[in-house]
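# Descriptive structure summary
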There are 2 protein chains.
Amino acid sequence: MNAYITRTYGLDAQFELTAVPTPELVTGHILIEVKATSINSIDNKLLRQNLGINPALPAILHGDVSGVVSAVGPNVDSFHVGDEVYACAGGFKGTAGALADFMPADAKLVAHNPASLNFAEAAALPLVVITAWESLMDSANIQPGEHVLVHGGTGGVGHVGVQLAKAKGARVTTSVSSEEKAEIARSLGADDVINYREEPVEAYVERLTQGRGFDAIYDTIGGATFDHSLQAVRTKGRVVTVFTGTGSTTPDLLNAFIKGATVHTQNMSIPLITGEGRAHHGKILREATKLVDAGKLKPLIDPHRFTFAQINDAHALFESKTHVGKIVLTI
Amino acid sequence: MNAYITRTYGLDAQFELTAVPTPELVTGHILIEVKATSINSIDNKLLRQNLGINPALPAILHGDVSGVVSAVGPNVDSFHVGDEVYACAGGFKGTAGALADFMPADAKLVAHNPASLNFAEAAALPLVVITAWESLMDSANIQPGEHVLVHGGTGGVGHVGVQLAKAKGARVTTSVSSEEKAEIARSLGADDVINYREEPVEAYVERLTQGRGFDAIYDTIGGATFDHSLQAVRTKGRVVTVFTGTGSTTPDLLNAFIKGATVHTQNMSIPLITGEGRAHHGKILREATKLVDAGKLKPLIDPHRFTFAQINDAHALFESKTHVGKIVLTI
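Residues numbered from 1 in each chain as written. Chains lettered and ligands numbered in written order. Predicted model: local features only at pLDDT ≥ 70, side-chain atom pairs only at ≥ 80, totals over all residues. Heavy atoms only, no water.

Attention shifts here to the nonpolar core. Of all hydrophobic cores here, the largest spans 87 residues; its most connected members are Ile30 and Leu164 of chain A. It is helix H3 (residues 126-139) of chain A that contributes the most residues to this core, 8 residues altogether. If you count residues domain by domain, this core takes at least three from each of domain 1 (2-124 + 269-330) and domain 2 (128-266) of chain A. Once you skip the residues sitting within four places of it in the chain, isoleucine 30 of chain A turns out to touch Leu25, Val69, Ala71, Val72, Val76, Phe79, Met103, Pro104, Ala105, Ala107 and Val110 of chain A. Within the second largest apolar cluster, 86 residues are counted, among which are Ile32, Ala122, Leu125 and Val150 of chain B. (Core = buried A, V, L, I, M, F, W, Y, C linked by side-chain atoms within 4.5 Å. Buried < 20%, exposed > 50% of the residue type's maximum accessible area, 1.4 Å probe, protein only. Helix = DSSP H or I, 4+ residues; strand = E, 2+ residues; numbered from the N terminus. Domains from an automatic or database assignment. Contact = heavy atoms within 4.5 Å.)

Following this line, the structure appears as structure tokens:
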């Protein structure tokens, strides 16, 4: 089969079209004929740095996939040849990624595509849905009526966070960097929007919570945004933070201690690397399929569309940070 | 009435016997004829530093009290004159402390003494029970059968943490600094004991959890112990940390991010300072009274006993860090 492989990790790493053997099917796995993938922050980070969780070189990167089941291994009951499926199923140490004609996937990680989405749209969702679900539902355990602040409401994880929090019945505020993005955030269901370049933390905490602070804050940005989150959370509130690799790992927790706050860290790659807890990912995607088909969750996709042959250009756009939502690629 | 007041905060601050007006009784409050108090870390810190939450000077410090109800204000149904009670009811900004003949207390914060304890024993418990309860039950939400590591198992908060975790049905490991303290920790119910001066983190994680890590860790020490906690916790585990004022507020969270772990901070003084959430403290103490009278919780009290007239000596012992468990004083 053809694959877009990576021969080195680093700033000058590129994807290169190469013929490689088609993966063998093992127990509990399916083979997916790849139709689309999307770029997540971790895919780009694995390309640019060796984080210790990178696949062995030469590597096939990218976690998110949507496609058609082309073969089913032993001990798989829930999928059949021809099923349209999506997953975040590989691209880490020990697992093959989606930048190829076929991707092997542990069936536990996979769900059937939402009927209302095409392959490109479905491929935008897996990693960000799993990340936001684990953050908001599992860790912060947000409740109907709570006031939840999602930082970065038009970003890959943030736009799903806004919609999941709304679907749960929370009041949702989100932060963005422009009036154009504020419009998009409102269209996703955000009740209130903060332009973080124009409004200081104290001002929006006063304006939106009468100084009390938010019940739960989802920091999808890191760095200074994490510090702002500890300022803006209420007494005994919860902050969920995604390590983006750009912020410090030694933030000042003094505001957390003063408030008796909780800091949840989020790392959705653990089941992919350790093998433990994979069934929970499949379950989250089955729930996501229901939310999508009920009209409560939709992917936000950047207008620049790419084919797999343009994978290097797609990552260049990702690194430019000028995109909105997810960057998707079709084969 | 007589009180042991503090006229300055700082390294040379002393307690001084002085006649002051007896507190006036306000709605929802009771007046407690003080029989005993105990020293908590925060009492000593408030004496030595102005933390921004100190009472106005001259101040009456100390939160923990046990005594006899001498007067009952309007809108108090649950207590009557002559009742024996205990609480952590003041000694912070805006509230009078226990180092006096009488202490006013919001009735929401108060519970009836355990029948099986004398006043000195009861006065050892309130702050540390509330702290450990909020940490283990409310924040970490420990479950029967989970493996819980409590750092500092013969300390003020730690010795209660060990017993509460056992009462909940957890497997409890604790860390101590000597074989003598290990014996005490076992007598409190600890299943396994670590001498942290002799056994490295990797070694006890392997010995006690086969390398998997502890489900929940209660860091009652701070500083390097917090770093060790992030090393020793399992994937998606929980660490509860009490800000002791001695450790850094900027620990490295990299191990938390790698594991997707949660960090709960614990600050039991918030209801005393803000007035919000006080009823929960009274409820915890009512539960503690049941556990004590059922033989599942007992205070660990240093053999050096003091009267209120020896309050300066008692704080000197506390600062020497040679004591075990709680230092108590009777009037």
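Take the interface of chain B and chain A next. Listed per partner, the contact involves 24 residues of chain B and 24 residues of chain A. Contact between chain B and chain A buries roughly 2,200 Å² in total, counting both sides, with carbon and sulfur atoms accounting for 62%. Considering only the surface of chain B that becomes buried against chain A, Thr249, Phe257 and Thr265 of chain B emerge as the three largest contributors, covering 29% of it. Viewed at the interface, chain A and chain B are joined by 2 salt bridges. Where glutamate 134 of chain A meets lysine 236 of chain B, a salt bridge forms, and the shortest distance between an N and an O atom there is 3.4 Å. (Buried area = accessible area lost by both parts, 1.4 Å probe. Salt bridge = Lys/Arg side-chain N within 4 Å of Asp/Glu carboxyl O.)

In this section: the domain arrangement of chain A. Residue and element names in this part refer to chain A. In terms of domains, chain A is made up of domain 1 (2-124 + 269-330) and domain 2 (128-266). Distance between the C-alpha centres of domain 1 and domain 2: 27 Å. Facing the 20 residues of domain 1 at the interface are 21 residues of domain 2. Interface area for domain 1 against domain 2, summed over the two sides, is near 1,600 Å², with a carbon-plus-sulfur share of 68%. Across the contact surface, domain 1 and domain 2 share 0 salt bridges.

Glancing now at the relation of the copies chain B and chain A. In screw terms, the move from chain B to chain A is a rotation of 180 degrees and a rise of 0.0 Å along the axis, fitting with an RMSD of 0.0 Å. Both copies of the chain, as the preceding transformation shows, are related through a two-fold rotation axis. Interface residue correspondence from chain B to chain A reaches 100%, placing this contact among same-surface, isologous pairings. (Least-squares fit on C-alpha atoms with pLDDT ≥ 70 in both.)

Scored by pLDDT, chain A comes out at a mean of 96, with 99% of its residues at no less than 70. If you check the scores for this complex, the pTM reads 0.93 and the ipTM reads 0.90. (pLDDT = per-residue confidence, 0-100.)

Turning our eyes to something else, we now look at the pairing of strand E1 (residues 2-6) of chain A. Residue and element names in this part refer to chain A. The buried fraction of E1 amounts to 4 of the 5 residues, a majority that puts the element mostly inside the structure. Of the strand pairs in this sheet, E1 and strand E2 (residues 15-19) are connected by 5 bridges, and their pairing is antiparallel. The residue of E2 that forms the bridge with alanine 3 is threonine 18. Here 2 bridges tie E1 to strand E4 (residues 59-60), and the two strands are oriented antiparallel to one another. (Pairing = 2+ DSSP bridges.)

Along the chain, cysteine 88 of chain B turns up in strand E6 (residues 84-88). Each residue touching cysteine 88 of chain B, except ones within four places of it in the same chain, is listed here: Gly63, Asp64, Leu109, Pro126, Leu127, Ile130, Met268, Leu272 and Leu285 of chain B.

Bringing the sheet that holds strand E11 (residues 192-195) of chain B into the picture now. Spatial ordering of the open sheet is given by E11(A)-E10(A)-E9(A)-E12(A)-E13(A)-E14(A)-E14(B)-E13(B)-E12(B)-E9(B)-E10(B)-E11(B), a layout of 12 strands whose pairing is mixed. The sheet is open, and its two borders are formed by strand E11 (192-195) of chain A together with E11 of chain B, each paired with just one other strand. Neighbour-to-neighbour, the strand axes of the sheet open up by a mean angle of 15 degrees, direction not taken into account. The pairing of strand E13 (residues 233-242) of chain B with strand E14 (residues 262-266) of chain B spans 5 bridges and is parallel. By the bridge assignment for E14 of chain B, arginine 238 of chain B is matched with threonine 262 of chain B. Strands strand E9 (147-151), strand E12 (214-219), E13 and E14 of chain B of the sheet are contacted by helix H7 (residues 224-232) of chain B, whose axis makes an angle of about 160 degrees with E13 of chain B. (Axes fitted to C-alpha atoms, helices over the stretch in contact; angles between N-to-C directions.)

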